[in-house]
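Below, each chain spelled out in residue letters.
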Amino acid sequence: MVKGKNIKWHKAKVTKKDRWMQNAHRSALIWITGLSASGKSTVATELEHTLFCRKINTFVLDGDNVRHGLCKDLGFSAECRKENLRRVGEVAKLLVDAGVLTIAAFISPYAADRNNIRALFNSDDEEFIEVYLKCDISICEQRDPKGLYKKARAGEIPQFTGISDPYEEPLAPEIIIETDRLTVQESVDMIIDHLRGRKII
Ligand code: ADP
């Protein structure tokens, strides 16, 4: 719902499809979800680099990074997580409209919040690609690159996904990657193969 009464959508002269033609690739949102330490940031960063080297316009929206600015006023309650993802979804939509192959790396534990973002995108053009990094929590806890599981187990981080807060597994994601069995390179290759198969790149 738009609050302002006198706000009208201004139509652009350059369309998203014009940009696709000029870029020689399509844009889409690659939404990477999974537990903390499942590998979201690592895969997102490697994927971005691979795409960039192939002259593809790409950009990563990272969960930790947006909480430094755009979402720095938000915490981790279900309400805050919802608003965090709503804002990220809208930014991602603008980037996709700008022709950018956008990668988002967010725990995004609630299916409803992920589905709200999916609903922002055009299903005919397959613009929303949900990638579930499936990794056993015991492996995530062993990796613990930021020491967060240790802190959560010690009760120092309330509402920690997988420990004291839920994670709802995606039921029908476009891609499932078992990052406790595959290497980072194999994980990136799976996404690249999907993008090629869908003729996005
Ligand atoms: P997240 O962003 O999901 O919290 P990170 O990417 O910060 O996770 O950390 C994941 C850790 O797991 C990194 O230290 C990374 O090197 C390691 N790792 C091992 N195998 C994989 C894999 N297949 N994909 C991604 N990360 C992996």
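Summarised in this report is the structure supplied together with it.

What counts, and at which threshold
Residues numbered from 1 in each chain as written. Predicted model: local features only at pLDDT ≥ 70, side-chain atom pairs only at ≥ 80, totals over all residues. Heavy atoms only, no water. Buried < 20%, exposed > 50% of the residue type's maximum accessible area, 1.4 Å probe, protein only. Helix = DSSP H or I, 4+ residues; strand = E, 2+ residues; numbered from the N terminus. Pairing = 2+ DSSP bridges. Near = heavy atom within 4 Å. Polar contact = N/O pair within 3.5 Å; in protein donor to acceptor, adjacent residues only side chain to side chain. Areas by Shrake-Rupley, 256 points an atom, 1.4 Å probe, with all protein chains shown as cover. 1 Å grid on protein atoms, 1.4 Å probe; cavity = no way out; pocket = protein on both sides within 12 Å on 5 of 7 lines; lining within 4 Å. Sits in = over half its atoms within 2 Å of the grid points.

**Things to note about the pairing of strand S3 (residues 101–105)**
Within S3, 5 of the 5 residues are buried, which leaves the element mostly enclosed by the surrounding structure. The alternating pattern of S3 places Leu-101, Ile-103 and Ala-105 on one face and Thr-102 and Ala-104 on the opposite face, and all of these are buried. Two strands pair when backbone bridges link them, and strand S1 (residues 29–33) and S3 are joined in this way by 4 bridges, in the parallel orientation. Within S3, the position partnered with Trp-31 by the bridge is Ala-104. Taken together, the 5 bridges between strand S2 (residues 58–62) and S3 define a ladder with parallel strand orientation. Within the sheet, the bridge partner assigned to Thr-58 lies in S3 and is Leu-101.

**Some thoughts on the environment of Glu-178**
Among the structural elements, Glu-178 can be located in strand S5 (residues 175–178). Sequence separation between Glu-178 and Tyr-132 is 46 residues, and the spatial gap between their C-alpha atoms is 8.3 Å.

**Focus on the site of the ligand**
Surrounding the ligand, one finds 17 residues, the nearest of these being Ala-37, Lys-40, Ser-41, Thr-42 and Leu-182. Contact between the ligand and Ala-37: an oxygen atom at 2.7 Å from a main-chain N or O atom of the residue. Between an oxygen atom of the ligand and a main-chain N or O atom of Ser-41, the distance comes to 2.8 Å. Protein contacts shield 78% of the accessible area of the ligand, which totals 570 Å² for the unbound molecule. If you map the ligand onto the pockets, it falls in the largest pocket. Elements with a contribution of two residues or more to the shell around the ligand: helix H2 (40–53) and helix H8 (184–197). Examining the composition of the shell around the ligand, we find that 4 residues originate from one element, H2, more than from any other.

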